[in-house]
Structures are given as structure tokens and as C-alpha cells.
Amino acid sequence: MEYKHILPGDIEKTSMSIIENELAQRGITIEESVRPVMYRVIHTSADFDYVQNLRFTDSAVETAVGKLRAGGITFITDTNMALSGINKKALGRTGNNAVCYMAEPDIAAAAKEKGTTRAAVSMEKGLAEYPEGIFVSGNAPTALITISEMIRRGCRPTMVIGVPVGFVNVVESKEEILQVCEEYGIPAIVALGRKGGSNVAASICNALLYMASDGVDPDKR
């Protein structure tokens, strides 16, 4: 068997072309402003259900990309897996940063004392340290519940990316964060339903960073 397109850039370009062709066959057109995000999520998951599931608040992508181009934005993730998946070269090129507090001993201690999850405490710490950060949940519904509560109390993050995967409080927390972000004018990207994950969360972050650094084309990264 002969394999083609074995270089990383070629693989990505061919994958994106396949995605575009399959969407066209299904009669689906993705709005240009969100297309790089949608394509990257499908590329990461090989799941075309995200065409229906992935929701964007008004001008969410344009607003986030503009902030990232200006630099000084920190992504706060609810898993180290999502943190690992964010492209560090793209972060550096745009002058932005990413952190995850989940493995820190004080987070575990505080969560135990409060009777809550490390993800919830991590988001509280992130909102205190980086109030204009981009908050990223690919795993923990409690992260989104905490962010929702703190937005209602006056917090105004740059963006919320809500794509946790699972069965318990997942659907409800996503619906809640989307409603709250729409109500308070916070840019948000949310995958409604059960699907999601840290890989999807990282892919959304990377899509935004690539747009901010003119790196959607892999040859320009």
C-alpha cells in the first residue's frame, strides 16, 4: 500500500479539503467568520455533528481574535491535557499565554475544604488573577457553573470556551453558560450536548491563535 500526503502540512491541508468537500456534499455552508474554528474542531474530532452542536455568540470569534492580536491574553484551562494541546509557538507569536492550575496542591486543598471540584477552584483563581482571560473548559461542567456564577457577580472575561464532555451536568452547564454569556455580552463558543473534550477545547484555542497570527494556512506558521 502506498501512502500519500505524509508531511504534517500536507496532511492538514488535505484533511481540510476533505472536510470542505464533505460539507459541500451535505449542502452545508459554514459562515466565513467561524469557518477556521469549525473546520479545526471537525479536523480534531472527525465528527461532523459539531456543525449543529458548536454555537457562537455574536461576533465571538472576531472579538477574541482581535484581543489575541493585541496580546497579553491568558488562556485558563480546566485540564493539563488542553493546556498541552495549545500551540506554544502561536502563543509566543501573538504575545499571549496559557495556564492550568489543576495540579497545584493549594487547588486540591481548597477544593477539599470547600467540598467542590478542583476545576471550580481553578476557575475562581483564574478569574481573580486574569479577569480578562479566556476561560477554557473541555472536561469539567463545574468549571462552567463557576464561571456562570461569577459572570452574574460582575466578572467579564474576554471569552468562555465551553466544551466539556460527559453525562453529569454537562448538557445543563453548557446551556447555562451560553445563556449567561449571551445575556451579559460575553463572547462564547459552546458545544451543546454531551460531546466535547480537552482535544476539542485545545483545537478551538489553536484556531483562534492561528487566525490572530495569520497562521490558518500551515505553511505560514
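To be clear, the structure that these remarks concern was listed above.
Reference entry: report on the structure contained in this document. By convention here, each chain's residues receive numbers from 1 onward along its written sequence. Where local features are concerned, this predicted model is filtered to residues with pLDDT of at least 70; where side-chain atom pairs are given and counted, the filter is 80 or more; whole-chain, interface and lining totals use all residues. The side-chain values count all of the structure's non-hydrogen atoms but skip hydrogen atoms and water molecules.

Right, let's talk about the sheet that holds strand β1 (residues 54–56) for a bit. DSSP-based pairing: two strands are paired if at least 2 bridges between them are found. Helical segments are the DSSP runs of H or I of at least four residues, strand segments are the runs of E of at least two, and each set is numbered from the N terminus. Strand order in this open sheet of 6 strands is β1-β6-β5-β4-β2-β3, and the pairing throughout is mixed. Looking at the sheet topology across the chains shown, the edges are occupied by β1 and β3 (97–100). Each neighbouring strand pair of the sheet contributes to a mean axis angle of 15°, computed without reference to strand direction. Most of the contacts of helix α2 (residues 35–45) go to β1, to which it runs at about 160°, and overall it touches β1 and β6 (188–191). Only the stretch in contact is used when a helix axis is fitted, and all axes are lines through C-alpha atoms; the angle between N-to-C directions ranges over 0 to 180 degrees. Every residue pair with non-hydrogen atoms within 4.5 Å of one another is taken to be in contact.

Attention now goes to the side chain of T57. By the element assignment, T57 lies in the loop between β1 and α4 (60–70). Burial here depends on accessible area, computed with a 1.4 Å probe over protein chains only, as a share of the maximum for the residue type. Under 20% is buried, over 50% is exposed, and the range in between is partly exposed. Residue class for T57 comes out buried when judged on its relative accessible area of 9%. For the purposes of these results, a polar contact is taken to be a pair of N or O atoms within 3.5 Å, where, inside protein, one atom must be able to donate a hydrogen and its partner to accept one; residues adjacent in sequence count only when each atom of the pair is a side-chain atom. A polar side-chain atom of T57 sits 2.9 Å from the main-chain amide nitrogen of A188. Once you skip the residues sitting within four places of it in the chain, T57 turns out to touch L178, E182, I186, P187 and A188.

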